[in-house]
Structures are given as C-alpha cells and as structure tokens.
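Chain by chain, the residues run as shown.
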Amino acid sequence: MTTPALLPLSGRRLPPLNLGASAFPHHRATLRLSEKFILLLILSAFITLCFGAFFFLPDSSKHKRFDLGLEDVLIPHVDTSKGGKNLGGFLIHGQGHDEHRHREEEERLRNKIRADHEKALEEAKEKLKKSRDEIQAEIQTEKNKVVQELKKKDSKPLPPVPLPNLIGINSGEPADPDIREKRNKVKEMMKHAWDNYRQYGWGHNELKPIARKGHSTNIFGNSQMGATIVDALDTLYIMGLHDEFREGQEWIDKNLDFSVNSEVSVFEVNIRFIGGLLAAYYLSGQEVFKIKAVQLAGKLLPAFNTPTGIPWAMVNLKSGVGRNWGWASAGSSILAEFGTLHMEFVHLSYLTGDPVYYNKVMHIRKLLQKMDRPNGLYPNYLNPRTGRWGQHHTSVGGLGDSFYEYLLKAWLMSDKMDTEARKMYDDAIEAIEKHLIRKSNGGLTFIGEWKNGHLERKMGHLTCFAGGMFALGADGSRDDKAGHYLQLGAEIAHTCHESYDRTALKLGPEAFKFDGGVEAVAVRQNEKYYILRPEVIETYWYMWRFTHDPKYRQWGWEATQAIDKYCRVSGGFSGVKDVYSSSPTYDDVQQSFFLAETLKYLYLLFSNDDLLPLDNWVFNTEAHPLPVLHLANTTLSGNPAYR
C-alpha cells in the first residue's frame, strides 16, 4: 500500500501527489493542427454529406408520399365520387397530380442543396483568406457566446434568505503595539503570498514559487479552478485587503466554471471551494459567491449515487461518474471525507431552501449510528457498496480527523440544538481517550493510531488540530469535564510545540514517534517535511481564545518567524523537505491552505477576540468561517433536534 506520505489526500489533508510536468505530455503542443486545416476537414465532411444527400434522395416511383413538412396529403374521407380511391377511411387525393408535384419538390430540394453547397464553398474560401489571428478571434467569440449562454442557464435566482446576525467581521485591532506589529507582519506575509500567486500562478490552483508558475494536483482534476483564489478570499477580507479581494471576486465571476470534464475530490472541493465561497458570501454579501457555491454543490450530488448513499471520494464534474481512491481498503470511502460535509451542506439547504443537501448528510449520520463500532471507535474505511467497514484502522489524524471535528461543529453551528451530533462526539471522544491517548515516558501526551488491534505510538502533524478541538468542545461536555478537556487540549498543544522545538528549523515534521528514547521526533526521512501546514497554529489560536495564556502567542510568533525565515522565497512561500536540516531543500509548492488556514490562524492569534467571535462563527476544516444558524433563522426540520 502506498505510504501515508504519498497518499493523494486524507482527512484534513495528506500531501497531494507532486507529479511534475514531465509526467504528462504537453498535448496542446504535440497535437496542435492549424485552424485552416481543421476548417478544410470540416468542409470536406460537409461536401461529402451534401453529395450523399444529392445522390441518395428517395425515388418518387418507390414512395408515394415524401414528407418534406408540406401539407399532409391524407384527407379524411367525405366523398368517393370525384375520382379518388377510398383507403382505410382516408382519401389519397389525385395520385397522378401528387406524383408530379413530388417530382417538382424533389427538384426544388436538389437545387436548394446545390445552392447551399456553393454558398458554403464561398464562405469557406472567405474564411481561408483571413489571417490566423482573425480565425482564432472568431472561434473565441463563438466559445464566449456558448459560455455566456450556459451561465445564463445555470444562474437561476435563489430565494431571498435572511442573513444570520453577523458579528465581528472587521477590525480586531489589538491595543498593544507589539502585538499589533506582529499582526501586521502576518498581513505582510499574506500580501507576499497573494501578490506572487497573482503574478505567476493566476487562475491555476496553486503556485510553484521557485519555478514561478502554476501548480496543481490530482485532487483538483486536470482543470484550472483557481483554488488559491477561492481559498484565500475570506483571509483577504478579514485582513482588510479589499483590493485583492475584489480581484479574486472578479476572477470568480468571469472564469470559475464547473462544467468541465474534470475528476475532483468531493471532500477537498467541498471544504475549499464550497466552504470558501460560502464564507466569502457571508462576509461580503456578494451574491456571486452564493450562486457559484450552489452551482458547484449540484455537481457534487451525483457522488452520492451509491447503494448506501455514502458518497464516492471522487466525481467527474461533467459526467457525474464517481469512484474511490485505488489505495483505499478494497474500494472503500474514507471516514474523514464523507464525514466532513455536514457544515457546508446544512448551509446550502439554509440558503437555497432545498433540503436535498441536508438530507444527504443526515442519511450518512443515520447509517453510521446503526453500525457496530469496534471498541467504540470508528474505523477509517467504509465500503459504499456493502455498507461494511473496511480494515479496522482508526485515527484522529489523516483519514479520520475532521469527522470528529464536524460532529462537534454541527452541534455548535446549530446554536447547540443538534444534541444528536453532540452525543456522537462525546461517545467518540470517550473511546478515543480510552484507546488512543497515552503519555510518553518523558511525560508528553500524544494520540496514537489503532491498527489491527494494537496502538501505533506515532502522531501526525494533522492530529495536532485535536488540541483545539478538545478546548472548543470542553464547554458542554459530559459529567462537568470541561476543565479536564481544556487541560487535555493544553497537553496536546504542548506536545505539538515540542515537535517544532526539537527540529533545526523550529518547524514541525509531518509525523513523529514516541518509541523508546525517541519522543516527538520524526524517524523516517519521508516524515521530516513541512508543507506549510496549519494544525499546530490552529490549536495555539483556540487555546489562546479559551485561556489567554501568553505562551500561545509566543509559540505562534516562533512559528511565524520560522516560516518567514525558512519557507519564504522571492516568488512566495514553499514547503521544506527536512526540518532537521539547517539548509533544507524546498518542495516548490505554495499550498492553497497556507493562505486559507495558516496565515488566517496566525492573524487571528494576534487579533482581539471580537474578530470572528466563537459564539457567532464556526470554522470549517479549511478555516472558512460560517455563521451559527440560530433556531429562529433555520428552516431545517428533518432532525428532531431542530423541531
């Protein structure tokens, strides 16, 4: 099986396959034909069709009725005394006269074909006299007309919906000049990342900051969908970078097209695109973002056409054909993928009044509630055909992570009315604490992975988000255990900080072990990289919000300085391949989540709590803020908790 470091994606996100340009031939270069030659091919086909029609027209001696859309010669029988024959209650009126008329019509049709043929030849000659640029311009004009017609067709007006009470979407300016300076530094880093993407990768999904060109991975298919633009919009907005926000909005309005023949990850497109568009809509009020989000959601719905209703991992946006990753446990769907749709789909139903999105995610929940869980744990793999678990591998990191996060956030987003989701979260966390959470010999609390009946004492960078999740879920936990879970969050934050502090670059590795004398350190070479991930900083921010312990801002500032020192290049920001080397090599990818999550969480860490307060906003797993839907505003009635 492919090693975790090379899997296309997992849960909150495993590193995408980094396939260079050499992996795919440049089809445009190798297959390009001149437009003139293409026109000649079309012309020759048209001529063949015309002459075929000319020589193979039906012969009137064999066919008594040649229907060219002329007046019907069948007349209801009223009188047989005028030289006609009665046939089946209808009169065939004056057959000799009709045959003569048919010959005239056939001759007229032949003449018309000759005239059309000559006209087509003349038009083709005129076309061939034009320059290459003129022909290309005409082709582009026709393409634009088709695109505009499709846009008009797709842009159905959505019903007006009252916006939830939106609080704290601006400012957050700290009074302390030192904290304000740090916040401004994060904003400058965002500007550097965006400006270079704008210059070198505009419209592409991501940026190669050293090669200074666009970059994409298999999770986005083969199309340029501007993932960085959509992912970065809300960060730009809350930072007050409104000119850049308008640039992104204009590109989305004119260029973001989902009617492409492209196979994409349902999970990644949901959290980055639908989440990003919805957040941009709520923050700015611009209808284009809501319209685009709904259009894209419609393209994802065919992924749910499985025997169980558990969606495929991937879907073709044009054909609607879905499939699963080849490496995923005998064709299984992945817990963190089909379990990380709830927030966005509930908001889609709220904004459109269409319950289809809500019903899809509630069906998944109901199915999971009926299933047996080994040791109370949710395995990472579920077969969408049979409805049975795949291999019994449980993780709070890649493949599992954001499923648990969305159970908690479904409860929070419902204004704490969705008690069903809260119960599922509490049950899951109790099982995780019993079977997966341990203390190392050196006193570090870590979350291992359950594989084939035993605990693997390894923790991934992705798992570090859980510190923030435990803190976020502390209030409302069972048996007055709020203090316990806040403390557990603090311990996870400490462990993850140690994973950063024990490297040469003060940046954390992809995964780290707790075996023997090795603690919070990566052992394998393919686990020593840092790809601008946000999870540790995310936990620092949540811990800061709930405790205001200054060490979290200090740890966040250490990470900010390390990223700026070791990941910044003249063309943007790049991941590094070995955090234990003082002179690392770059991976040459500026991930879209660096702008969506890492820099957003750092900016919020150095902002006042009145910027996106947690009583009013819930962040999706890509750090896109969505407003709490208070009971008075929601129209959802499928869940008893909402009634």
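This one's a predicted model, so the numbers in the text were calculated from it and none came from an experiment.

1. Some thoughts on the sheet that holds strand β18 (residues 518–521)
Across a sheet, paired strands are connected by hydrogen bonds in the backbone, their directions being either parallel or antiparallel. Read across the open sheet, the 3 strands follow the order β16-β17-β18; overall the sheet is antiparallel. A strand with exactly one partner marks an edge of an open sheet, and here the two such strands are β16 (458–460) and β18. The mean inter-strand angle of the sheet, taken between neighbouring strand axes irrespective of direction, is 15°. For strand β17 (residues 511–515) and β18, the ladder comprises 3 bridges, and the chain directions are antiparallel. By the bridge assignment for β18, K513 is matched with V521.

2. Side note on the pattern of salt bridges
Across all of its chains, the model carries 36 salt bridges by this definition. Measuring nitrogen to oxygen at the nearest pair gives 3.9 Å for the salt bridge that ties R272 to E622. Highlighted residues: R272 in helix α8 (residues 266–284) and E622 in the loop between β21 (617–619) and β22 (625–627), separated in sequence by 350 residues. An identical accessibility class is assigned to R272 and E622; each is buried. We note a salt bridge from D564 to R568, for which the minimum N-O separation is 2.9 Å. Taking the relative accessible area as the measure of exposure, R568 reaches 24% and is therefore partly exposed. Linked through salt bridges whose partners overlap, the residues forming this network are R422, K423, D426, D427, E430 and R478.

3. Describing the side chain of K528
Structurally, K528 is set in the loop between β18 and α17 (535–547). Put simply, K528 is tucked away with no salt bridge, and the nearest opposite charge, on D578, sits 5.0 Å away.

4. Notes on the sheet that holds strand β7 (residues 314–316)
Taken in spatial order, the 3 strands make up an open sheet running β6-β7-β8, and their pairing is antiparallel. The strands lining the two open edges of the sheet, one partner per strand, are β6 (263–265) and β8 (322–323). Direction of pairing for β6 relative to β7: antiparallel, over a ladder of 3 bridges. Each bridged residue has a counterpart across the sheet, and for E263 the counterpart in β7 is N316. Running over the sheet, α8 touches β6 and β7 and is turned about 70° from β6.

5. Observations regarding the UniProt feature "active site" (unreviewed entry) in the chain
Per the UniProt entry, the sites bearing "active site" (unreviewed entry) are E268, D401, E510 and E535 in this numbering. By the element assignment, D401 lies in helix α13 (residues 401–413). Relative accessible area serves as the criterion here: at 0%, D401 is assigned to the buried category.

6. Some points on helix α11 (residues 342–352)
Residues that lie three or four places apart on an α-helix share one face, since the helix turns once every 3.6 residues. Summarising burial for α11: 11 of the 11 residues are buried, a large majority. Burial in α11 covers these residues: H342, M343, E344, F345, V346, H347, L348, S349, Y350, L351 and T352. The inward-facing, buried residues of α11 contact α8, α9 (287–300), α12 (356–370), α13, β21 and β22. Following α11 by one or two positions, G353 adopts a phi angle in the positive range, close to 75°.

7. Some remarks on the state of the cysteines
Evaluation of the coordinates by the stated rule reveals 1 disulfide. Disulfide partner of C464: C496, at an S-S distance of 2.0 Å. Looking along the S-S bond of the C464-C496 disulfide, the torsion reads about -95°, which is the left-handed sense. Of this pair, C464 sits in the loop between β16 and α15 (466–472) while C496 sits in helix α16 (residues 482–501), and the two are 32 residues apart along the sequence. Just as C464 is buried, C496 falls in that class too.

8. Structural notes on empty space enclosed by the protein
Enumeration according to the criterion identifies 6 cavities of 30 Å³ or more in this entry. In this structure, the largest cavity encloses a volume near 140 Å³. Along the walls of the largest cavity sit 14 residues, with G339, H342, V361, R365 and L407 positioned nearest its centre. Those elements that provide at least two residues to the lining of the largest cavity are α12 and α13. Each residue belonging to the lining of the largest cavity can be placed in one class, and the counts come to 10 nonpolar, 3 polar and 1 charged. Estimates place the volume of the second largest cavity at around 70 Å³. Along the walls of the second largest cavity sit R422, Y425, D426, I429, E430, G473, S477, R478, K481 and Y485, which together make up its complete lining. Looking at the lining of the second largest cavity element by element, the count peaks at 5 residues for helix α14 (residues 419–435). The residue makeup of the lining of the second largest cavity, split by class, is 3 nonpolar, 2 polar and 5 charged.

Conventions we followed
Residues numbered from 1 in each chain as written. Predicted model: local features only at pLDDT ≥ 70, side-chain atom pairs only at ≥ 80, totals over all residues. Heavy atoms only, no water. Pairing = 2+ DSSP bridges. Helix = DSSP H or I, 4+ residues; strand = E, 2+ residues; numbered from the N terminus. Axes fitted to C-alpha atoms, helices over the stretch in contact; angles between N-to-C directions. Salt bridge = Lys/Arg side-chain N within 4 Å of Asp/Glu carboxyl O. Buried < 20%, exposed > 50% of the residue type's maximum accessible area, 1.4 Å probe, protein only. Lys, Arg positive; Asp, Glu negative; His and termini not counted. Contact = heavy atoms within 4.5 Å. UniProt positions renumbered as here; feature names shortened; annotations may be inferred. Disulfide = S-S within 2.5 Å. 1 Å grid on protein atoms, 1.4 Å probe; cavity = no way out; pocket = protein on both sides within 12 Å on 5 of 7 lines; lining within 4 Å. Points joined across faces, edges and corners; volume = space filled by probe spheres on them. Nonpolar A, V, L, I, M, F, W, Y, C, P; charged D, E, K, R; others polar.

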